[in-house]
Amino acid sequence: MASRNIADFLNADSNLARLSAHAGKLLNLQRIFERAAPAALAQHGRVANMKLGKVVIHATNSAVAAKIRQLTPRLTESFRQSGVDVNEIQVKVQPGIASDSGRKQESPADIGIATKQGLTSLAQSLPQESPLRTALERFALRARIRTTRR
């Protein structure tokens, strides 16, 4: 028997085909959500379902859920601009959800030159075996120097 690809297998059965199409729709909605929400917030929210124009988003905690709720007008507009007919966004707290790869790699912090020098100096003043020293050195090494004033 010749090897079949997974799409052929899923489309062979009408129930699996509907499930596959819905999963694809949710994946598309997740991508829209990730583009519309701030990156730090998007990694703590997942599009869980869409039915009859209502998008359900799961958040990792109540603070994230509250912030996502504040963004619902912006999210609704982003979904609509992408051709998705959305009339409601419901946000629920689901503490067990995780990002795609467990924990996403966070982007390095943007800090000023004086801050970076201060952290490096503080780290060097601590004992060599200090966990705080190690953490400060690692942070200062990974941090990016801010190029514009905030």
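All of these numbers come straight from a predicted model, not from anything done at the bench.

Comments concerning the nonpolar core
(1) Moving on: Among the nonpolar cores identified, the biggest contains 23 residues, and Phe33, Val55, Ile57, Ile68, Leu75, Phe79 and Ile89 are the most heavily contacted of them.
(2) Moving on: Residue assignment for this core shows that the elements contributing at least two residues are α2 (14-36), α3 (39-42), β1 (45-51), β2 (54-59), α4 (62-70), α5 (72-81) and β3 (88-93).
(3) Moving on: Among the elements that take part in this core, α2 stands out by supplying five residues, more than any other.
(4) Moving on: Dropping the residues within four chain positions of it, Ile57 is found in contact with Phe33, Arg46, Val47, Ala48, Ile68, Leu75, Ile89, Gln90, Val91 and Lys92.
(5) Moving on: Counting residues in each nonpolar core, the second largest holds six residues, with Ile111, Leu119, Ala123 and Leu136 among its members.

Some remarks on the sheet that holds β2
(1) Moving on: Taken in spatial order, the three strands line up as β1-β2-β3 in an open sheet, and their pairing is mixed. Strand pairing shows two members of the sheet lacking a second neighbour, β1 and β3, which therefore form its edges. Neighbour-to-neighbour, the strand axes of the sheet open up by a mean angle of 25 degrees, direction not taken into account.
(2) Moving on: One ladder, built from six bridges, connects β2 with β3; its direction is parallel. Bridge pairing in β3 places Lys54 opposite Glu88.

Quick word on the pairing of β2
(1) Moving on: By the criterion of burial, β2 is predominantly enclosed, with five of the six residues buried.
(2) Moving on: Sheet topology note: the β1/β2 ladder contains six bridges and is antiparallel. Within β2, the position partnered with Lys51 by the bridge is Lys54.
(3) Moving on: Counting the residues between successive antiparallel strands, the hairpin from β1 to β2 contains two residues, one of them, Leu52, with a positive phi of roughly 55 degrees.

A few points about α2
(1) Moving on: Compared with an ideal rise of 1.5 Å per residue, which puts 23 residues at 33 Å, α2 spans 33 Å between its outermost C-alpha atoms and is within 8% of the ideal.
(2) Moving on: Listed as buried for α2 are Leu26, Leu29, Gln30, Ile32, Phe33 and Ala36.
(3) Moving on: Buried-residue contacts for α2 involve α3, β1, β2, α4 and α5.

A short note on the pattern of salt bridges
(1) Moving on: Applying the stated criterion to the full structure yields one salt bridge.
(2) Moving on: Taking the shortest distance from any N to any O, the salt bridge between Arg46 and Glu34 comes out at 3.7 Å. Of this pair, Arg46 sits in strand β1 while Glu34 sits in helix α2, placing them 12 residues apart in sequence.

Remarks on the side chain of Gln30
(1) Moving on: Relative to the helices and strands, Gln30 resides in helix α2.
(2) Moving on: Its relative accessible area of 8% is what places Gln30 among the buried residues.
(3) Moving on: Excluding its chain neighbours within four sequence positions, the residues that come into contact with Gln30 are Ala42, Gly45, Arg46 and Val47.

Cut-off values and rules
Residues numbered from 1 in each chain as written. Predicted model: local features only at pLDDT ≥ 70, side-chain atom pairs only at ≥ 80, totals over all residues. Heavy atoms only, no water. Core = buried A, V, L, I, M, F, W, Y, C linked by side-chain atoms within 4.5 Å. Buried < 20%, exposed > 50% of the residue type's maximum accessible area, 1.4 Å probe, protein only. Helix = DSSP H or I, 4+ residues; strand = E, 2+ residues; numbered from the N terminus. Contact = heavy atoms within 4.5 Å. Pairing = 2+ DSSP bridges. Axes fitted to C-alpha atoms, helices over the stretch in contact; angles between N-to-C directions. Expected span 1.5 Å × (residues − 1). Salt bridge = Lys/Arg side-chain N within 4 Å of Asp/Glu carboxyl O.

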